[in-house]
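Per-entry structural report
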Amino acid sequence: MITRRSIPTSELVPGMQADRDIDDRLGRNLIASGAILDERLIEGLKKLGISNIYIREDIPDDEIEAEAEADDSLIQKALDQYHVSDPSTVTLSDSVRKRVSEGIQFIYNDIHSEELTDTANSITSDLMKAINSNNAVAIDISTLKTSDEYTFKHSVDVATIAMILAKHLGFTRKEVYDIGVSGLLHDIGKAEIPLDILNKPGRLNTEEFEVMKSHPVIGYHSLQEHSDVSPEVALGVLQHHEKKDGTGYPLHLLGGQINRFAKILSVADIYDALVTERPYKSAYSQRDAVEMIMSMTGELDMDAMHAFLHTMILYPVDSIVQLSNGEKARVLRNNPNYLLRPTVVSLKTGQVYNLAEDLSCANIIIL
């Protein structure tokens, strides 16, 4: 069985296999998906400042079977009874990733370019096609580029998450498209924030933080130069750091005053920022980031949060996970709104654990 996991570059060893293409900031391919890493490649990743990559691991079926003490029929019975495939997820081909990469680079290199809108529309069209090609209604969190070193990766992650959330919430096709544009452009104001503040390795002082907090306003004003950018797209950019309790910025708006695009972008932006390693902070694990989102009920829009929890997939069906009781298990199905607690079957005993609904499993978590 093929599994994948994110691993810090500091823990890479020769012989590991890259799970996906790794490109430089110009979109040039450095390491191809499936490549076997050697000392030279690992050292190159470290020099480029890439903090995490996904590796592919092949767990032989006979190894899984050897570990299982349960009768094979028990596991098969669980599969027959509980196995439910994940809903369709968004996938981007390598060619699309390259086009998107080059487009975002262009936008953030010159946010006043007359071609900004056309470029953003082209990128969003690629994302929309990826969503519509298999009627995607969910995102496998592990396929997002959470080891993001470059701005464009964060922008595409936020746009993609926001589009899926908007689709789940019943937005029209045009509205899903527009929130994708807003997601791509939500941080364009950072292009005019001094690099010594943007990439400061330590905590910002009060004056520096005030400068950083100006980026939504800078981005909003830059979009006023483009008459073909809709007001809702621009308001999403302006308000994506607002919180419904009034503690956000730059306008300290309350829940009912916040644009609906911004409410969704806020959830997407916070999640992706948490799992992204930056010069000034370490990345949260995907699990910890989800738990952080779940704790922000006083700050984030509940509809957007529920859509996030319903559409994101943390443990894909058929993946192998380690339980806190010491057992390995296979994921049988994901439970809507409980993405941290799927239904699994123990490879050791054949016992089914419904982590979302069975109270007897309350003390078991996925490690």
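Structure first, text after, so check above.
Residues numbered from 1 in each chain as written. Predicted model: local features only at pLDDT ≥ 70, side-chain atom pairs only at ≥ 80, totals over all residues. Heavy atoms only, no water.

Buried residues dominate strand 10 (residues 338-346), accounting for eight of its nine residues. Across five bridges, strand 9 (residues 328-335) lies against strand 10 in antiparallel orientation. The residue of strand 10 that forms the bridge with R330 is V345. Where strand 9 folds back onto strand 10 in an antiparallel hairpin, the turn is made up of two residues, including N337, whose phi is positive at roughly 75°. (Buried < 20%, exposed > 50% of the residue type's maximum accessible area, 1.4 Å probe, protein only. Helix = DSSP H or I, 4+ residues; strand = E, 2+ residues; numbered from the N terminus. Pairing = 2+ DSSP bridges.)

Turning our eyes to something else, we now look at the sheet that holds strand 9. Spatial strand order, 8-9-10-11: four strands in an open sheet with antiparallel pairing. Of all the strands in the sheet, the pair left with one neighbour each is strand 8 (320-322) and strand 11 (352-354). Strand-to-strand twist in this sheet, taken as the mean axis angle between neighbours without regard to direction, amounts to 45°. The strands that helix 3 (residues 72-82) touches are strand 9, strand 10 and strand 11; relative to strand 9, the one it contacts most, it runs at about 10°. (Axes fitted to C-alpha atoms, helices over the stretch in contact; angles between N-to-C directions. Contact = heavy atoms within 4.5 Å.)

Let us look at the nonpolar core. When a protein is soluble and globular, its nonpolar side chains tend to lie buried together. Residues I107, I161, L185, Y271 and F308 are the most contacted members of the largest nonpolar core, which totals 76 residues. When residues of this core are assigned to their parent elements, the largest contribution, nine residues, is made by helix 6 (residues 151-168). Discounting residues that sit within four places of it in the chain, I107 has contacts with L116, T119, A120, I123, L185 and I188. If you look at the next biggest cluster of nonpolar residues, it comprises 13 residues, including I22, I31, I50 and I53. (Core = buried A, V, L, I, M, F, W, Y, C linked by side-chain atoms within 4.5 Å.)

Let us now look at helix 4 (residues 94-109). Owing to its 3.6 residues per turn, the α-helix brings residues three or four apart onto one side. If you check helix 4, its first and last C-alpha atoms are 22 Å apart, about what 16 residues at 1.5 Å a residue would give, namely 22 Å. Looking at helix 4, one finds that the buried residues are V96, V100, S101, G103, I104, Q105, I107 and Y108. (Expected span 1.5 Å × (residues − 1).)

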